Amino acid sequence: MRIGVLGGGAWGTALAQLAAADGNPVILWARESDVVRCVNGEHENRSFLPGVALSPSITATSDLSALDACDALLVVVPAQYVASVLEQTNVGTRPLVLCAKGIEATTGRLMSEVAAETHPTAPIAVLSGPCFAREVAERRPAAVTLACEDANLGRALSKRLARPEFRPYASTDVTGAEIGGAVKNVIAIACGVVAGLDMGENARAALIARGFAEMTRFGMARGGKAQTMAGLSGLGDLVLTCSSTQSRNFSLGKALGEGQKAETLLGAGNTVAEGAFTAGVLAHEAKRLGVDMPVVEAVHALVDEGRDAKTVVAALLSRPLRDEVA
């Protein structure tokens, strides 16, 4: 199974490196011409994954038609660009493995919904879980969820991507795997705010637990399974993303907690904190479904409404007491 990767950022490059570990050719599509030149000429992605020696069996390109030779495509462009890139890509009946974590801000669609509407004949899978790109590229141990409604296809994709240090666990809950990956980014911003305000580890642990409750409520309201929320693509990814400045979302929240402005932070750099785009649409969808998500609403107020971090956190802490399970 020849793999093509759509997206030359850190995660796309790491997944290309993973897929090329057995020496099979992998095609990596990147929008940035300097990434293409560097990967092909120096076997390194200096822009997004500097210092990692890439497999010579990875070929980078900025020509989407080069992916026509691939048997399956990993979609790793930022969530807000998935639709536009897929609209330009010839897919047919080839599997699309969705690796971007987020909800389309303008429509509220999950990535599987975007892909299904763009390419209705393509089988859909979702790869999600607690992974930092650099650690995967450096072949450090990791485990993920690979969700696919077609169990046989899911097993074939898992077998192609599995390595001794990279373990995909099978699931058929595509929606649940996506919800976990989207919601955890928003909760990670909140945890970063707590770190930026120097509120301590107790507060961060409480936010993770209450954020997990919000994730579970929303996931089940959208048709996901509670077991998926408690697995690698839910709780596992939540714990990782809420615990390290390697997380772009946690780093964004920390800067907000330290007093910086969202509009300034989001306009700088060449990486994307997906939670900033997800917070508003997630808060809207939660209200539409009648799902209580106060942490998500707080992040929405910070990122989209320019509210002060201390004021938002104070409002969270002053909410009426309630039963833990309700």
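Predicted model, so just to flag it, every value in this text is computed and none were measured. Every chain is numbered independently, its residues counted from 1 as its sequence is written. Where totals are concerned, whole chains, interfaces and linings use all residues; where local detail is concerned, this predicted model gives features only for residues with pLDDT of at least 70, and gives and counts side-chain atom pairs only at 80 or more. Hydrogen atoms and water are omitted, and side-chain values are computed over all heavy atoms in the structure.

Let us look at the packing of helix α7 (residues 174–196) against helix α14 (residues 294–305). Following both chains from N to C, one finds α7 and α14 inclined at 70°, their axes separated by 9 Å at the closest point. Classified by the interaxial angle, the pair formed by α7 and α14 is roughly perpendicular. For the pair formed by α7 and α14, the contact residues are V186, I187, I189, A190 and V193 on the first element and V295, V296, V299 and L302 on the second. Per-class residue counts for the contact of α7 with α14 are 9 nonpolar, no polar and no charged. The angle between two axes is taken between their N-to-C directions and runs from 0 to 180 degrees, where each axis is a line fitted to C-alpha atoms and a helix contributes only its stretch in contact. Helix and strand assignments come from DSSP, with helices taken as H or I runs of at least 4 residues and strands as E runs of at least 2, each series counted from the N terminus. Here the word oblique covers every angle except those under 35 degrees (roughly parallel), over 145 (roughly antiparallel) and from 65 to 115 (roughly perpendicular). Here, two residues are considered to be in contact whenever any of their heavy atoms come within 4.5 Å of each other. Note that Gly is not counted as nonpolar here; it falls among the polar residues with everything else outside the nonpolar set of Ala, Val, Leu, Ile, Met, Phe, Trp, Tyr, Cys and Pro and the charged set of Asp, Glu, Lys and Arg.

All right, on to the sheet that holds strand β8 (residues 166–171) then. The pairing criterion for strands is at least two bridges between them, as found by DSSP. Strand order across the open sheet formed by 8 strands is β3-β2-β1-β4-β5-β6-β7-β8, with mixed pairing between neighbours. Of all strands in the sheet, those bounded by a partner on one side alone are β3 (58–61) and β8. The sheet shows a mean angle of 25° between the axes of neighbouring strands, direction not considered. Note: strand β4 (residues 72–75) against strand β5 (residues 96–98), 3 bridges, orientation parallel. Bridge pairing links L74 to V97 in β5. Sheet strands in contact with helix α4 (residues 111–118) are β5 and β6 (124–128), and its direction is about 155° off that of β5. Its contacts with the sheet place helix α10 (residues 232–241) against β6, β7 (142–148) and β8, and it is angled at close to 145° to β7.

Right, let's get into the nonpolar core. As a rule of thumb, soluble globular proteins bury nonpolar side chains together. Ranked by size, the top nonpolar core spans 44 residues in total, and within it V183, I187, F218, L282 and M293 carry the most contacts. For this core, the elements supplying multiple residues, two or more each, are α7, α8 (201–221), α11 (248–257), α13 (274–289), α14 and α15 (309–317). Among the elements that make up this core, the one with the highest residue count is α7 (11 residues). In this structure, M293 is in contact with V183, E214, F218, L282 and A286, ignoring residues within four places of it in sequence. Here, nonpolar core means buried Ala, Val, Leu, Ile, Met, Phe, Trp, Tyr and Cys residues that are tied together by side-chain atoms lying within 4.5 Å of each other. Burial classification: accessible surface area is computed with a 1.4 Å probe over protein chains only, and a residue below 20% of its type maximum counts as buried, one above 50% as exposed, and the rest as partly exposed. Counting residues in hydrophobic clusters, the runner-up holds 41 residues, among them A10, L18, V39 and F48.

Time to look at α7. The end-to-end C-alpha separation of α7 is 34 Å, in line with the 33 Å expected for 23 residues at 1.5 Å each. Buried residues dominate α7, accounting for 21 of its 23 residues. Two residues or fewer past α7, D198 is found with a positive phi of approximately 55°. By this rule the span expected of a helix is its residue count minus one, scaled by 1.5 Å.

Here we take up the state of the cysteines. When two cysteine sulfur atoms lie within 2.5 Å, the pair is treated as a disulfide. Evaluated as defined, the whole model comprises 0 disulfides. Residue C191 stays outside any disulfide, its sulfur separated by 3.7 Å from that of C242, the closest cysteine.

When a carboxyl oxygen of Asp or Glu lies within 4 Å of a side-chain nitrogen of Lys or Arg, that pair is called a salt bridge. The full count for this structure, using the stated rule, is 19 salt bridges. For E44, the salt bridge is made with R46, and the minimal N-O distance between the two is 3.7 Å. Assessed through its relative accessible area of 18%, E44 is described here as buried. As a salt-bridge pair, E285 and R288 come within 2.8 Å of each other at their nearest N and O atoms. Of the two residues, E285 and R288 both sit in helix α13, 3 residues apart, roughly one turn of that helix. Accessibility expressed as a relative area gives 9% for E285, which makes it buried. Taking the relative accessible area as the measure of exposure, R288 reaches 54% and is therefore exposed. Each of E113, R222, E285 and R288 takes part in a single network of salt bridges with overlapping partners.

Right, let's talk about the pairing of β3 for a bit. In terms of strand pairing, strand β2 (residues 26–29) meets β3 through 4 bridges, oriented parallel. Note that in β3 the partner of W29 across the bridge is T61. Throughout, right-handed denotes a crossover for which the path from the first strand over the helix to the second runs clockwise when the strands point away from the viewer. With respect to chirality, the unit in which β2 leads through helix α2 (residues 33–42) into the neighbouring parallel β3 is right-handed.

Another point: the environment of S318. On the secondary structure map, S318 appears in the segment after α15. Assessed through its relative accessible area of 56%, S318 is described here as exposed. Polar side-chain contacts of S318 include one of 3.0 Å to the backbone oxygen of A315. We define a polar contact as two N or O atoms separated by no more than 3.5 Å, with the added condition that, inside protein, one atom must be a possible hydrogen donor and the other a possible acceptor, whereas residues neighbouring each other in sequence contribute only through side-chain atom pairs.

On their own, these measurements won't tell you what the molecule is for.
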